[in-house]
Amino acid sequence: MQTLTITRPDDWHLHLRDGPLLGAVAGFSARRFARALVMPNLRPPVTTVALAAAYRQRILAALPPGTNFRPLMTLYLTDATAPAEIDRVRASGFVHGVKCYPAGATTHAEAGVTSLAHCRAVFERMEELGVVLQLHGEATDPAVDPYDRESVFLERELEPLLQRHPRLRVVLEHVTTRAGVGFVRAQGDRVAATLTPQHLLLNRAAMFAGGLRPHLYCLPLLKREPDRVALAEAATGGEPRFFLGTDSAPHARRAKESACGCAGVFSAHAGLELYAEVFAQAGRLGRLEAFASFHGADFYGLPRNQTRITLVRDPWPVPASYPCGDDELVPLGAGERLAWRLLEAEATP
Ligand code: NCD
Ligand code: ZN
């Protein structure tokens, strides 16, 4: 049987949630990934290092016994974040960036920044201390078409931000367009991007295939086929400034299948296997390791993992759902087959 053994990967964009939902999903990431950059969009949001420390303890307590998974924390940027909080980030050793949600851009982004211009002093401190900014790159002007929000953000917000702060290190999270990929390529080493499995595997037709499919609704939205092709080229092309970030964003079935459903695709159940499909389709499985295990760690200045993990080509059916309290989580690829399976027994701790 065909196998693929690689350095254990990291997930550079993950929503672990809190409470029972955290308990339902944490094990999926811990089985595959050595580390994950944990998003701070809880309610209330994780706005301080003290809140991040407490959240980190809740994550560690929710992990299955014997797992060796390290949550890397982020802070939620608001208009009120003080530069002194950035000093505490740098000193903490466990907070690895500051996440910026333009106010109202996505799930739990109500407390986000109303204008990047309000955060000048914080960004200056981040430049000085080398703290990474993780950016949800979508314009929030309601007049902008939802499919154009990323490209408009690049022009109106990101380009000026990078000019105002020439040393600020930025990750354009879940880049979804050809324009976004081109924008990142045109920048220097201080700008990188994460790529999700759903944007690499699917285009926007998937959300409307045979009817409305709420479990494929995420933000940013799935885009056109030429965008998907450009993302797959960036992921599989060996370029060091593109790396794995699932954006696994679980919401219970009831919250997704509703008259006003939540944005977010749950993918942690197969957080590495889904990418293996993308690399296999491109005939570039040999490049999965660098994308999944090297590029992110290198960008964040963290050591690469030392342990290894094995995938085996042994098609398996993705369950229609996973249990979640008195509700369920519907995973990406529900009811379909994935070619690559995690070989649990041989995954070294
Ligand atoms: C995320 C969530 O549910 O927290 N949703 C999503 O569609 N990706 C928020 C985000 O990352 O935009
Ligand atoms: Zn996200």
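Just above, that's the structure.
What counts and what doesn't
All residue numbers here refer to positions counted from 1 along the written sequence of the relevant chain. Chain letters and ligand numbers both follow the written order, the letters beginning at A and the numbers at 1. Thresholds applied to this predicted model are a pLDDT of at least 70 for local features of residues and 80 or more for the giving and counting of side-chain atom pairs; totals over whole chains, interfaces and linings are not thresholded and use all residues. Water and hydrogen atoms play no part in the side-chain values, which are based on all heavy atoms of the structure. Any N, O or S atom lying within 2.8 Å of the metal counts as a donor, and for Na, K and Ca the limit rises to 3.2 Å; water is left out, so some sites can look incomplete. Helix and strand definitions here come from DSSP, where helices need a minimum of 4 consecutive H or I residues and strands a minimum of 2 consecutive E residues; each element is numbered from the N-terminal end. A simple rule labels every residue: compare its accessible area, found with a 1.4 Å probe on the protein chains alone, to the largest value its type can have, and call it buried under 20%, exposed over 50%, or partly exposed in between. Strand pairing follows a simple DSSP-based rule, namely that at least 2 bridges must link the two strands. Each axis is a line fitted through C-alpha atoms, taken for helices only over the stretch in contact, and angles between the N-to-C directions span 0 to 180 degrees. The criterion for a residue being near a molecule or strand is simple. One of its heavy atoms has to lie within 4 Å of it. Amino acids are sorted into nonpolar (Ala, Val, Leu, Ile, Met, Phe, Trp, Tyr, Cys and Pro), charged (Asp, Glu, Lys and Arg) and polar (every other residue, Gly among them). Only centres within 6.5 Å qualify two rings of Phe, Tyr or Trp (six-membered ring in Trp) as a pair; their planes then separate them into stacked at under 30 degrees, edge-to-face at over 60, and tilted for everything else. Charge-over-ring placement is defined geometrically: NZ (Lys) or CZ (Arg) within 6 Å of the ring centre, and within 35 degrees of the ring normal. Every residue pair with non-hydrogen atoms within 4.5 Å of one another is taken to be in contact.

## Some points on the coordination of the zinc ion (ligand 2)
Phase 1: Bound to the zinc ion (ligand 2) are the protein donor atoms His-13 (NE2), His-15 (NE2) and Asp-247 (OD), situated 2.0 to 2.1 Å from the metal.
Phase 2: Written as a sequence motif, the donor arrangement for the zinc ion (ligand 2) is H-x1-H-x231-D. Placement of His-13 in strand 2 (residues 10-14) and of Asp-247 in the loop between strand 9 (242-244) and helix 9 (253-256) is noted, with a sequence separation of 234 residues between them.
Phase 3: The class of Asp-247 is buried, set by a relative accessible area of 6%.

## Examining the sheet that holds strand 7 (residues 170-172)
Phase 1: If you walk across this open sheet you meet the eight strands as 2-3-4-5-6-7-8-9, and the pairing is parallel. If you trace the sheet from one side to the other, it starts and ends with strand 2 and strand 9, each paired once. Pairs of neighbouring strands in the sheet enclose a mean axial angle of 30°, with direction left out of account.
Phase 2: In the sheet, strand 4 (residues 70-76) pairs with strand 5 (residues 95-100) via three bridges, with the strands oriented parallel. When the sheet's bridge partners are listed, Leu-75 is paired in strand 5 with Val-98.

## Quick notes on the site of ligand 1
Phase 1: The full set close to ligand 1 counts 15 residues, and Arg-17, Asn-41, Thr-106, Leu-219 and Asp-247 are the nearest of them.
Phase 2: In the shell around ligand 1, the residues fall into four nonpolar, nine polar and two charged.

## Examining the packing of aromatic side chains
Phase 1: Per the counting criterion, the structure on display carries 11 aromatic pairs.
Phase 2: With a centroid separation of 6.4 Å and an interplanar angle of 85°, the aromatic rings of Phe-266 and Tyr-322 are classed as edge-to-face. Of this pair, Phe-266 sits in the loop between helix 9 and helix 10 (273-281) while Tyr-322 sits in strand 11 (residues 322-324), and the two are 56 residues apart along the sequence.
Phase 3: Relative accessible area serves as the criterion here: at 13%, Tyr-322 is assigned to the buried category.
Phase 4: Joined through ring pairs, the aromatic side chains of Trp-12, Phe-243, Phe-299 and Tyr-300 make up one cluster.
Phase 5: Seen from the ring of Phe-299, Arg-169 lies directly overhead, with NZ or CZ sitting 4.2 Å from the centre.
Phase 6: The side chain of Arg-304 reaches across the aromatic face of Phe-294, ending 4.0 Å from its centre.

## Brief notes about the sheet that holds strand 1 (residues 3-7)
Phase 1: As summarised here, the arrangement of the three strands in space is 1-10-13, forming an open sheet in which the pairing is antiparallel. With one partner strand each, in any of the chains shown, strand 1 and strand 13 (337-342) form the two edges of the open sheet. Going from strand to strand, the sheet's axes swing by 35° on average, the running direction of each strand aside.
Phase 2: Here strand 1 pairs with strand 10 (residues 308-317) via five bridges, running antiparallel. Within the sheet, the bridge partner assigned to Ile-6 lies in strand 10 and is Ile-309.
Phase 3: Lying on the sheet, helix 10 is in contact with strand 10 and strand 13; it crosses strand 13 at an angle near 115°.
Phase 4: Sitting on the sheet, helix 11 (residues 288-300) touches strand 1 and strand 10, and the angle it makes with strand 1 is about 25°.

By themselves, these figures tell us nothing about what the structure is for.
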